[in-house]
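The lines below spell out each chain.
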Amino acid sequence: MIERGQPVARILPAISAIAAGAWDACANPAGRPLDPFLSHAFLLALEESRSVAPRTGWQPRHIVIEDASGSLRAAMPCYLKSHSRGEYIFDHGWAEAYERAGGRYYPKLLSGVPFTPVTGRRFLSPSATDDPGARTMLLSAAIQLCEQHGISSFHANFLTRQEWEGCGALGLLQRTDQQFHWHNAGYSSFDDFLATLASRKRKALRKEREAVRAAGLTITWHTGGGITEDHWDAFFTFYQDTGSRKWGSPYLNREFFSLIGTSMADRLLLVLARRAGRPIAGALNLIGGDTLYGRYWGCTEHHPFLHFELCYYQAIDFAIAHRLAVVEAGAQGEHKLARGYLPTTTYSAHWIADPGFRRAVADYLERERAYVAEMGEALASQAPYRRGPAEGESGDQDDPDA
C-alpha cells in the first residue's frame, strides 16, 4: 500500500493514455542525445498501426510513476509478451527449459522497444543523468505486477551500461551480447576514414563501392518532407521481401511507415537505390542526437555488395556529413568488422520468479558473459584499422535489420 502523498505507479494499456509532452519529457530530457525510438511518436505509430497489439503477441503495459500532484516522475515502455520474437535477446532456450520442467514461461513482461535491438534508456525520467531512484520505483512496480498476476519473469533489453549495473545491484540477472558499431573519429570524408584502414582492407572497400557504381545504380538520400508515399510504397516492397525470407512475415505493416513519415519525418533517412530510374533497393535509418541507427533494408534486385553500400557505407557517409558520432547498423553480423564496424557490448537484465530456475539461469549467464567478453577481445584484435580511431575503438555500451 502506497501512503498518501507518495509516488503512485500506474499501468497504461496504450501509449496514447499519456500526453506526448509528458512522456517525451522523460524519454528525451534536455541534456541527453535524442533517442527517436523512445519518443511518443514512434511508440504510438507501432500501436496505432497495430504492429504492436495483443494479436501480434505484444500487449502494451507501460509503467508510469506519478507524484502526489499527478505529474509524471518516471516511465518505462513495457509489454506483456506471449512469445520471444522481435526482441533480439534470445531466451527461447530458457522458455523451453522452463516449460519442460512444468512451468509456464509465457506471458512474460518486457521493457524494450519492439523489433528494435538498439541500446537506450529503459528507466525514463526527466533527469539528464542516470536516475537510480526512478529505476528502483519502476523495477519495484514491474516485479509487483509480475507477482500479482503470476507472470514468470521480467526482462529489460538493450540497457545502457549504467542501467545494467544498477539492475545488477538490485539483484537482477545480468546478460551481455555483442553488436558492431562504427565510430566517427572526426572524419571529414569517407576517404579520410579509409585512410585509417590497412591497405588490403582499404582496397577491398573501394572495390565494393566501385562494383555498385559499375552496375549503373543511382543512390539518393531522402529525409523529412522529401519522403513521399510513393517512396514508402517502394520501400515496403523491399521490407516485405526481406521480412518474409527471415521470419515468414514482416513485423511491421505498411501503415506504420506512413505514420512515422508523418509524425517524425525529420528523424528519418531513407536511402534508395535505382536502376534506370526505378527503385530496386532501400535502407531505412533513424537519426538520433549523436547516432545514426540502421534499421530495415530490402531489395527486389540483387547486385554484388549493394547491401553493404546501402546499409554500411551510405550510413558512414551520412554520419560524417552530419557530424554524428556513431552508426549502429543492427544486430549481429561479424562481416561488419571488415567494414570498419567494431565489436560493442550490449546489455540486458532479467528477473525470474522461480528461485530454482533463477539460480540455473544465473549460472549460465556467468559463463555466457565470460564467453562474450573473450569473443569481443578476439574480434577487436581483428579490426581492419592500421591505427585505431581516435575514440571508441571497442565499445562498452537488430534483421531485416541492416
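Owing to the predicted nature of the structure, the values given are computational and were not obtained by experimental measurement. (Residues numbered from 1 in each chain as written. Predicted model: local features only at pLDDT ≥ 70, side-chain atom pairs only at ≥ 80, totals over all residues. Heavy atoms only, no water.)

K.L.:
Could you clarify how one ought to interpret the packing of aromatic side chains in this entry?
P.N.:
The relation between two aromatic rings is expressed through the spacing of the ring centres and the mutual angle of the planes. Enumeration over the complete set of coordinates arrives at 29 aromatic pairs. Relative to Phe 256, the ring of Phe 42 has its centre 5.6 Å away and its plane inclined at 90°; by these criteria the two rings are edge-to-face. Taken together, the residues span a long stretch of sequence, with Phe 42 in helix H2 (residues 40-48) and Phe 256 in helix H9 (residues 254-263) at a distance of 214 residues. No difference in accessibility class separates Phe 42 from Phe 256, as the two residues are buried. On the numbers, 4.8 Å between centres and 10° between planes, the contact of Phe 115 with Tyr 251 is stacked. Here Tyr 251 lies in the loop between helix H8 (229-247) and H9 and Phe 115 lies in the loop between strand E6 (108-111) and helix H4 (132-149), a separation of 136 residues in the sequence. For Phe 115, a relative accessible area of 3% translates into the label buried. For Tyr 251, a relative accessible area of 18% translates into the label buried. Site record: aromatic cluster; members linked through ring pairs are Phe 37, Phe 42, Trp 232, Phe 235, Phe 236, Tyr 239, Phe 256, Phe 257, Tyr 293 and Tyr 296. In this arrangement the basic side chain of Lys 81 is found over the ring face of Trp 58, its NZ or CZ atom lying 3.9 Å from the centre. A cation over an aromatic ring shows up here: Arg 209 above the ring of Phe 190, its NZ or CZ 4.3 Å from the ring centre. (Phe/Tyr/Trp six-rings, centres within 6.5 Å; stacked < 30°, edge-to-face > 60°. Helix = DSSP H or I, 4+ residues; strand = E, 2+ residues; numbered from the N terminus. Buried < 20%, exposed > 50% of the residue type's maximum accessible area, 1.4 Å probe, protein only. Lys NZ or Arg CZ within 6 Å of the ring centre and 35° of its normal.)

K.L.:
Would you mind going over the environment of Phe 180 with me for this structure?
P.N.:
Considering the arrangement of structural elements, one finds Phe 180 in strand E8 (residues 173-183). The residues touching Phe 180, leaving out its near neighbours within four places in the chain, are Ala 329, Gln 332, Gly 333, Glu 334, Lys 336, Leu 337, Tyr 341, Leu 342, Pro 343 and Leu 379. (Contact = heavy atoms within 4.5 Å.)

K.L.:
Is there a simple way to explain the sheet that holds strand E4 (residues 72-76) in this structure?
P.N.:
The strands that make up a sheet are held in pairs by hydrogen bonds between backbone atoms, and each pair lies either parallel or antiparallel. In space, the three strands of this open sheet follow the order E1-E3-E4, with antiparallel pairing throughout. The open sheet terminates on both sides in strands that have one partner only, identified here as strand E1 (8-12) and E4. The average angle at which neighbouring strand axes cross in this sheet is 20°, direction not considered. When E1 meets strand E3 (residues 62-66), the two strands line up antiparallel, connected through five bridges. Paired with Ala 9 across the bridge in E3 is Ile 65. Against the sheet, helix H1 (residues 20-27) contacts E3 and E4, and its axis sits at roughly 75° relative to E4. (Pairing = 2+ DSSP bridges. Axes fitted to C-alpha atoms, helices over the stretch in contact; angles between N-to-C directions.)

K.L.:
So what exactly am I meant to see when it comes to the sheet that holds strand E10 (residues 268-275) here?
P.N.:
An order of E2-E5-E6-E7-E14-E8-E13-E12-E11-E10-E9 is seen for the 11 strands of this open sheet, with the pairing classed as mixed. The open sheet has two free edges, formed respectively by strand E2 (58-60) and strand E9 (217-223), since each of these has just one partner strand. The mean angle between the axes of side-by-side strands here comes to 30°, regardless of whether they run parallel or antiparallel. As paired elements, E6 and strand E7 (residues 153-159) share three bridges and run parallel to each other. Directly across from Leu 109, in E7, lies its bridge partner Phe 154. The strands that H4 touches are E6, E7 and strand E14 (342-352); relative to E7, the one it contacts most, it runs at about 145°.

K.L.:
What should I look at first to understand the environment of His 222 in this one?
P.N.:
Here His 222 lies in strand E9. Remark: the alpha-carbon pair of His 222 and Asp 266, spanning 44 residues in sequence, is separated by 9.9 Å. Apart from the residues within four sequence positions on either side, His 222 is in contact with Ile 227, His 231, Leu 268, Leu 269, Leu 270, Leu 272 and Arg 274. A polar contact of 2.8 Å, which involves the side chain of His 222, links it to the side chain of Thr 220. (Polar contact = N/O pair within 3.5 Å; in protein donor to acceptor, adjacent residues only side chain to side chain.)

K.L.:
I'm lost on the pattern of salt bridges in this one. Help?
P.N.:
A side chain of one charge can pair with a side chain of the opposite charge if their charged atoms are brought near each other. A complete count under the given rule lists 16 salt bridges for this structure. Across the salt bridge formed by Glu 301 and Arg 278, the nearest N and O atoms sit 2.7 Å from each other. Here Glu 301, found in the loop between strand E12 (291-299) and helix H10 (306-321), pairs with Arg 278, found in strand E11 (residues 278-287); they are 23 residues apart in sequence, far enough to count as distant. For Arg 278, a relative accessible area of 42% gives the class partly exposed. (Salt bridge = Lys/Arg side-chain N within 4 Å of Asp/Glu carboxyl O.)

K.L.:
Looking at this structure, how should I read the environment of Val 271?
P.N.:
Within the element layout of this structure, Val 271 appears in strand E10. In this structure, the C-alpha to C-alpha distance between Val 271 and Asp 130, residues 141 residues apart in sequence, is 34 Å. Apart from the residues within four sequence positions on either side, Val 271 is in contact with Ile 219, Thr 220, Trp 221, Ala 281, Gly 282, Ala 283, Asn 285, Leu 310 and Gln 314.

K.L.:
So what exactly am I meant to see when it comes to the packing of helix H3 (residues 92-100) against helix H11 (residues 355-380) here?
P.N.:
Any two packed helices are characterised by the angle at which their axes cross and by the distance between the axes. At their nearest, the axes of H3 and H11 sit 12 Å apart, and the two run at 150° to each other. With respect to H11, the element H3 is oriented roughly antiparallel. The crossing of H3 and H11 is right-handed. Listed contacts from H11 to Trp 94, Ala 97 and Tyr 98 of H3 are Phe 357, Val 361, Tyr 364 and Leu 365. For the contact of H3 with H11, the class distribution of residues is seven nonpolar, no polar and no charged. (Parallel < 35°, antiparallel > 145°, perpendicular 65-115°, else oblique. Left-handed = near helix turned anticlockwise from the far one by under 90°. Nonpolar A, V, L, I, M, F, W, Y, C, P; charged D, E, K, R; others polar.)

K.L.:
Help me out: how do you make sense of unusual backbone geometry in this one?
P.N.:
Peptide bonds are trans in most cases, and residues, glycine excluded, mostly fall at negative phi. Along the chain, Tyr 106 connects to Pro 107 via a cis peptide bond; the corresponding omega equals 5°. Its location among the elements puts Pro 107 in the loop between H3 and E6. The backbone of Tyr 88 sits at a positive phi, close to 70°, despite the residue not being glycine. Topologically, Tyr 88 is positioned in the loop between strand E5 (78-81) and H3. On the basis of relative accessibility, which here comes to 9%, the residue Tyr 88 falls in the buried class. Positive phi outside glycine occurs at Ala 276, with the angle close to 55°. Note on Ala 276: relative accessible area 77%, which makes it exposed.

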